[in-house]
Every structure is written in structure tokens, then in C-alpha cells.
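Geometric and topological summary
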Amino acid sequence: MSREKIIVLDFGSQYAHLIAKRFRMLGYYSEIAQPQADLSTFEGAKGVVFSGGPASIYDANAPKFNSEILSLNIPILGLCYGHYVVQQGYNGKVEKAAVGEFGFAKLNFNKNVKSPLFEGIEDNQQVWMSHQDGVTKLGDGFEVVGATKDCPFAATQNLAKKRFSLQFHCEVKDTPCGNRIFENFAKICGMNQNWDQDTVLATILENIKINAGDKNVLLFLSGGVDSTITFALLNKALGQERVLGLHIDNGFMRKNESASVADLYHKFGFNNFIVEDASKSFLSAIASLTDPQKKRMAVGENFITVRNEVVAKQNLDESQWLLAQGTLYPDIIESGGTANSHTIKTHHNRVQGIQDLIAKGLIIEPIRDLYKDEVRAIGKKLGLSDELVMRHPFPGPGLSINVLCTEGKQSEKDLSELELAKAEIAAMNFGLDKLSAADVLPVRSVGVQGDFRTYRFPAVLSFEETESGFYALPCPYWEEIEKISSNVCNAAKYINRTILRLYQKPGAQLQLQEGYCTKDRLDQLREADNIVLTELKKAGWYNKIFQHLTMILPYASAGNRCSFVLRPVCSEDVMTARFAQLPKELLETIVKQIAALPFVDAIYFDATNKPPATFGWE
């Protein structure tokens, strides 16, 4: 059945599918297409949105674009990279911007111009920026609708041709007026609402039946939201007799996690799952690995090894079984899974062994086109309890990707860039009362800036020491901290996070230590992580944030000691996030309990949004 739609052209942005999701959530059916698509692709389309992307439009490796799309007699909206495509398509000019923007900016309207795209939207709007290039000359027939401090052409339009282009990302929650912009665009397109959750659920269930055919399905169950809801969908579509859940205790679970997961499943009536203890196998697979990508790949490949062992042990006929995964679209995007996207990190469910099975048609991924909040909504429609649906995300590799590993020494490049990072921090004026020191930790973490992966150092800020080893908390300075964090990461070339020192053991001389993902370090992490989650639940904050990650760093006074980073984040779409501004009393309670553990030398708080930082450090 044909359906009116808005088509999103994917230029490789992390946010391309988020644009389509936003329209769907507003009730307008949308699909993804490639920018080189033939004009026949747009049959039935009421409008087109050009996404952002990681390339520079003037580079040789810029995504191919069918310029005939600009001749379509339907409205077009360009976002970020799409903004450049629209402007250049009408003889505008794009160059490297004098100042890049990452994070929040204020959009101010041109009082002499009215735009239907901004109908009902007030001046001085918060918008989310992530760009290093900029329009330096407007396209023919375009006028400026709005600007930010560092971007004179932040919003433009050509009403005669119904062409609109924005430098900012209105598809993310951090642009509060974004949904209204999309609603206005749908109105300009003459689009009728034709999409809802019932339709989504019915479509998923029907696709499961089609993709499974007459085969049974084996699903890896991490116990997280995605795999749990995938399990429920498979059971509803195929029946429990055709579905087998496999919960693998890979040794990377949180404290008592596997027992808790099994208990929750039994309570809901899931009896078609088994638990396999493969912790020794997984610990062996990543022994002595320090590179985050290699760790992820080793974990992912070992899932296939264990899967094969379980299939043999259960005497399953492999020809009659598909493998299911709770893959979300962000997993695919960050793994470089679209035509123009760059790899941010390799997800365990996109390693070569999985790719080979996908190529053979042996993988089924029912929720691969959805985002976390959509998946949770589907879980509630299926009747799953909040205990299952609202749990913090817990990926297949579990705590292994929260254990930073190192051989205990730095390369010449590391040492050189660390000094450059320190020089960048030393040259900054923070303007904060009670700030006693600003430095850089000698460990790298992954980030995402302008759709590219970065692997840089964290800046660490220290306020005054309040008692032995404990440092003042930033409250009520959270807003100032957020601004400083954004400014640091925008201005620095070798830094992609800003963290706060909350505790350091008196007299401890901290330095990089040799450290790997071993059971001992995982046990240390489990204890600290359990303290945080327990206190978040007691204080009623567990459901107020999207996820909390505790990272263990090999930065300590000795090899058997460690430092921790607390990373609570608030997000609705996973693609962007803000660090959670926890109450002072709650943070103090958590820090004092962790500091009392006999192996802790320091505790930090990650005060960085996404972008420029990812949720985790690997």
C-alpha cells in the first residue's frame, strides 16, 4: 500500500535516522534514502530533508549527490551538511568556518524576515550545533532567517522554491523547538499524519514472521532493554516454542546481574531461556588487550564461539535456527554501517563473524530501525514491567568496555600530545570561583566531534579541598561547568572531555599503571558501580537519568589500586546527551562510600555532553 512520506537523505550523519524517527513520532511516515538516489525514489514523497554528515562538501570524498533532486517540485529542508548541499546547489559558497561550534548556541531571528518554518517559535532559541565548516556566501534567492554569535547564516530560506536550510540540528532534543520546526515543515509539505505506535508494532511483528519463515530463532539476552524487548517481540510473533533466549554470563555483568535478570524473566512468564556461564572463555578472549576496538571485536567474536558451543550442547539443528540480536539503529550508525558514515566505535553486534551471518541471511534484527525511546514505548505496549523496560542500558560487552586498559607506558606521540593538551589547558581562563587547579589526565577516551571519532585526553578541574582528600562539588555551578566543558572541548585540539576531581587519597602519587580487563579489576568496578546504582535508586534518581556508567582507570599509585570516573547521563535518543546534574548531597554520599573502598585512589565526575564525548570512554 502506498503511503505519503517525507524522505530523509542520509549523508552519513549520526543523526540521519533520528530525523526520520522524529517525523514518525510526530505522526508523519518517513523513510531513508541515499543522496545519489534516482528521482523515481521520490514517488509519493511530500518533502525531502537532507541530513548532516561527517565530510566537508568541498572534499574529494564528499558523498555523491544527485543534483536533480533539487529540481523536485516539493519542499526541501537541509540540516548542517544538508544546509551546505542546498546552498551550494543554488550557487552559494561553503568553506571552513572561522569558529567551529559544538554544543549549545542561541539562534536570533532576522526581524525583517518571516518564515513559515519558524511559525509559533520565539526569538533567542537554544539550538544544537556540531560543525567546523560554514556557509560564506548565500545561494541565489535565499535570505537570512536567523543567526548565532559565530554563524551569520544559521537559518535561511528561499520561499519561492520552498527551500530551507539550517546550520543546526533540529532533530535532537537539545534543540527544544526542533519538533515544532518539523511540524511546520510537514505543514509546508501538505503532509497528513499517517503513522503511530500501533502501526509500528504491527509492522515489526509482521516483518518477524516474514524474516523468520519456518525457522526457529535463538537470541542473545544480555538482560538489557533492547534484547529483552526483542525477546518479547519474537515470543509474541512466533510463540515461545519457536524462540530460545540465551543469557550468557560473560563475566562482565554487574554485581548479581545474571541472577536478577533470570528472576525478572521468570516473573514475567518467560520460560524459554537458558543461562550459560562463559566467563572464563570471555576473560581469556580479551586477556592482555588494551585497544578498545580490539576488545569489542574479541567480545563480539567470542559470542559467536559460545553460540556455536551452546547450539551443539543443546543438539539444535543449525539449519533450522536463525540468530536474533537486539540491535538499535545507533549501533549501526556508530559502527559505520551506512553508506557515508564514519566509525565511532565497533559494536559487538557488528563484528566480522556477525557480518558474515548477516550476509548469509542468518541474522534477524527486529528493532534495528528504532531508537531507545521507541523501543521502550513498544515494550510498554507489550505489557512489560517498568523493571524490564526502564532499566539502564547494558550492552552485550557489559562492564568490559568500562575497564580502561594500558600497558603502563605511553608512546612518544602520547607524551607529545599530552604536553600539548596541558599547554592548551594552561592557556585557558576559566573564570570560576574556588577553582584551584586545571590539568589533564594521561589517559585517552573516545569522543565524537563533527560526526568524526576522536581519541583524546580529558581535562580535569579541581575545586578547593574541603576535607582530607575530598574536593568541593560544583553545585550550584553546574551551568557554569557545562559552559566551561563545552568551551574547553570546542577550543582544544587534544581534549574531548572535561572531568571534575571529587576525591584523591592524600599522599597518593598517581601515575599510569599497567592494567587489563581481569576478574580482579572487574570485581573492583562491580563494587563501585553497585554503590552508585544503589544510591541512585534510594534517592529516586535512577529513573530520572538515562544511564549511569562507572569507569575504572589504570591511573593510581600502584597496580592493584585504581581511580573511578562517574558518568551519569540524561538522553532520550542516545545520539545526544547531557551529563546529569546530580544533587550535591547524593553525589557526596556516593563519593564517600566509594572512597572508603580499600583500593581507591581517586574519583572523578565526567561533566561532558555528547557530543563531543560519547557515553562511555571506550
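These figures come from a predicted structure and were not determined experimentally.

Conventions and cut-offs
In this numbering scheme, every chain counts its residues from 1 along its sequence in written order. Whole-chain, interface and lining totals are the exception, using all residues; otherwise, since this is a predicted model, local features are given only for residues with pLDDT of at least 70 and side-chain atom pairs are given and counted only at 80 or more. In computing side-chain properties, one takes all heavy atoms of the structure into account and sets aside hydrogens as well as water. Here a helix means four or more residues in a row that DSSP labels H or I, a strand means two or more in a row labelled E, and each is numbered from the N terminus. Computation of the radius of gyration draws on C-alpha atoms, with the globule rule given as 2.2 Å multiplied by the number of residues to the power 0.38. Only protein chains enter the calculation, and the probe is 1.4 Å; a residue is then buried if its accessible area is under 20% of its type maximum, exposed if over 50%, and partly exposed in between. Should any heavy atoms of two residues lie within 4.5 Å, those residues are counted as being in contact. Here the open area of atoms and residues is found with the Shrake-Rupley method and a 1.4 Å probe, where only the protein chains shown may cover a residue. Residues counted as positive are Lys and Arg, residues counted as negative are Asp and Glu, and His and the chain ends are not counted. One atom stands in for each charge, and that atom is NZ of Lys, CZ of Arg, CG of Asp or CD of Glu. We call a set of buried Ala, Val, Leu, Ile, Met, Phe, Trp, Tyr and Cys residues a nonpolar core when their side-chain atoms join them within 4.5 Å. Any N or O atom pair separated by 3.5 Å or less is treated as a polar contact, with the protein-specific requirement of one donor-capable and one acceptor-capable atom, and with residues adjacent in sequence counted only for side-chain atom pairs. With a 1 Å grid spanning the protein atoms alone, the term cavity applies to any set of points in which a 1.4 Å probe fits but cannot get out, the term pocket to an open set with protein on both sides within 12 Å along at least five of seven lines, and the term lining residue to any residue with an atom within 4 Å of a point. Grid points are joined across faces, edges and corners, and a volume is the space filled by probe spheres set on the points. The residue classification treats Ala, Val, Leu, Ile, Met, Phe, Trp, Tyr, Cys and Pro as nonpolar and Asp, Glu, Lys and Arg as charged. All others, Gly included, are polar. Under the convention used throughout, the expected extent of a helix is 1.5 Å for every residue step, that is, one less than its residue count. Each pair of strands is called paired provided DSSP finds at least two bridges between the two strands. One side-chain nitrogen of Lys or Arg within 4 Å of one carboxyl oxygen of Asp or Glu is enough to make a salt bridge. Axis lines are fitted through C-alpha atoms, for helices just across the contact stretch, and the angle between N-to-C directions can take any value from 0 to 180 degrees. Every residue carries a pLDDT, the predictor's confidence in it, which falls somewhere between 0 and 100. This arc describes the spread of directions from the helix axis toward the C-beta atoms. The aromatic pairing rule takes the rings of Phe, Tyr and Trp, using the six-membered ring of Trp, and pairs them if the centres are within 6.5 Å, calling planes under 30 degrees apart stacked, those over 60 edge-to-face and the rest tilted. The rule for a charge over a ring is simple: NZ of Lys or CZ of Arg within 6 Å of the ring centre, and within 35 degrees of the ring normal.

Focus: the overall build of the chain
- Each helix and strand counted, the chain has 16 helices and 26 strands in total.
- What you see for the chain is a C-alpha radius of gyration of 25 Å, in line with the 25 Å of a compact globule of 618 residues.
- Based on the C-alpha atoms only, the size of the chain along its principal axes is roughly 70 × 65 × 45 Å.
- The 618 residues of the chain split such that 62% are buried.
- Sequence-distant contacts, at least 24 apart, represent 77% of the contacts inside the chain between residues at least 6 apart.
- Taken as a whole, the chain presents about 24,000 Å² of accessible surface, with 46% of it coming from carbon and sulfur.
- Between the averaged position of the 66 positive side-chain charges in the chain and that of its 72 negative side-chain charges there is a distance of 1 Å.

What to know about the nonpolar core
- Core analysis: the biggest nonpolar cluster contains 80 residues, and Leu-500, Leu-536, Phe-564, Leu-566, Ile-594 and Phe-605 have the highest contact counts within it.
- Counting 38 residues, the second-largest nonpolar core is a separate cluster that includes Ile-204, Ala-232, Leu-233 and Phe-273.

Observations concerning the side chain of Asp-606
- Tracing the backbone through its elements, the reader meets Asp-606 in strand E26 (residues 600-606).
- For Asp-606, the side chain forms a polar contact with the side chain of Trp-617, separated by 2.9 Å.
- Not counting chain neighbours up to four residues away, the residues in contact with Asp-606 comprise Arg-497, Thr-498, Ile-499, Val-565, Leu-566, Arg-567, Phe-579 and Trp-617.

Some words on empty space enclosed by the protein
- This model, assessed by the stated rule, comprises 4 cavities of 30 Å³ or more.
- Estimated volume of the second largest cavity: approximately 60 Å³.
- Lining the second largest cavity are Phe-102, Gly-103, Phe-104, Trp-128, Glu-482, Ser-485, Ser-486, Asn-609, Pro-611 and Pro-612.
- Those elements giving two or more residues to the lining of the second largest cavity turn out to be strand E5 (93-109) and helix H14 (478-491).
- Across the lining of the second largest cavity, the residue classes tally to 5 nonpolar, 4 polar and 1 charged.

Looking at helix H15 (residues 519-538)
- The end-to-end C-alpha separation of H15 is 28 Å, in line with the 28 Å expected for 20 residues at 1.5 Å each.
- Buried within H15 we find Arg-521, Leu-522, Gln-524, Leu-525, Arg-526, Ala-528, Asp-529, Ile-531, Val-532, Leu-533, Glu-535 and Leu-536.
- Residues of H15 that are buried in the fold lie against helix H7 (279-285), strand E22 (547-553), strand E24 (562-570) and helix H16 (584-595).
- Two residues or fewer after H15 comes Gly-540, characterised by a positive phi angle close to 75°.

Here we look at the pairing of strand E20 (residues 495-504)
- The element E20 is extensively covered by neighbouring structure, given that 10 of its 10 residues are classed as buried.
- Relative to E26, E20 is paired through 5 bridges, and the arrangement is antiparallel. Paired with Gln-504 across the strands is Ala-602, a residue of E26.

Focus: unusual backbone geometry
- Residue Pro-611 is bonded to the preceding Lys-610 through a cis peptide linkage, with omega at -15°.
- Inspection of the secondary structure assignment puts Pro-611 in the segment after E26.
- Put simply, Pro-611 and Pro-612 share a cis peptide bond, and its omega is 15°.
- With respect to the secondary-structure elements, Pro-612 resides in the segment after E26.
- For Ser-288, which is not glycine, the phi torsion reads 70° and is therefore positive.
- By relative accessible area, which is 52% here, Ser-288 ends up exposed.

Digging into the pattern of salt bridges
- Tallied over the entire structure, the rule returns 24 salt bridges.
- Here Arg-391 and Glu-257 are joined by a salt bridge, their closest N and O atoms 2.3 Å apart. Of this pair, Arg-391 sits in the loop between helix H12 (386-389) and helix H13 (412-426) while Glu-257 sits in helix H6 (residues 257-268), and the two are 134 residues apart along the sequence.
- Exposure remark for Arg-391: the relative accessible area of 11% places this residue in the buried category.
- Overlapping salt bridges bring together Asp-414, Glu-417 and Arg-444 as one network.

Re the sheet that holds strand E6 (residues 125-137)
- Here 9 strands make up an open sheet; going across it, the order is E2-E1-E3-E4-E9-E8-E7-E5-E6 and the pairing mixed. The sheet is open, and its two edges are formed by strand E2 (30-33) and E6, each paired on a single side. This sheet shows a mean twist of 30° between the axes of neighbouring strands, independent of strand direction.

So, the confidence of the model for the chain
- For the chain, per-residue confidence averages 89 on the pLDDT scale, and 93% of positions sit at 70 or higher.
- A low-confidence stretch, residues 333-338 (pLDDT under 50), is modelled with 25 contacts involving residues beyond four sequence positions or located in other chains.
- Counted against residues more than four places away or in other chains, residues 340-350, with its pLDDT under 50, gives 63 contacts.

Some points on H6
- End to end, H6 covers 17 Å across 12 residues, agreeing with the expected 16 Å (1.5 Å per residue, within 8%).
- Residues of H6 that are buried: Glu-257, Ser-258, Val-261, Ala-262, Leu-264 and Tyr-265. On an axial view of H6, the arc spanned by its buried residues comes to 165°, and they lie on one face. Across H6 from its buried face, at more than 90 degrees, point the exposed residues Ala-259 and Lys-267.
- Those residues of H6 hidden inside the fold are in contact with helix H5 (225-238), strand E11 (243-249), strand E12 (273-277) and H12.

Concerning the sheet that holds strand E13 (residues 321-324)
- The strand order E12-E11-E10-E13-E14 describes an open sheet built from 5 strands, whose pairing is parallel. The open sheet is flanked by E12 and strand E14 (363-364), the only strands paired with a single partner.
- One ladder, built from 4 bridges, connects strand E10 (residues 216-220) with E11; its direction is parallel. Counted as the bridge partner of Leu-218 is Leu-244 from E11.
- Together, E10, E11, E12 and E13 form the strand contacts of H5, whose direction differs from that of E10 by roughly 165°.

Observations concerning the packing of aromatic side chains
- All told, the structure shown has 25 aromatic pairs when counted by the stated rule.
- Ring centres of Tyr-265 and Phe-270 lie 5.9 Å apart, and the angle between their planes is 75°; this geometry places the pair in the edge-to-face category.
- Tyr-265 sits in the buried class, given a relative accessible area of 1%.
- Under the relative-accessibility criterion, Phe-270 is labelled buried at 4%.
- Through a chain of ring-to-ring contacts, three or more aromatic side chains come together here, namely Phe-11, Phe-50, Phe-65, Tyr-81 and Tyr-84.
- We note Arg-3 situated over the ring of Tyr-29; from NZ or CZ to the ring centre the distance is 4.8 Å.
- Here the guanidinium or amino end of Lys-537 rests over the ring plane of Tyr-542, the centre of that ring lying 4.9 Å away.

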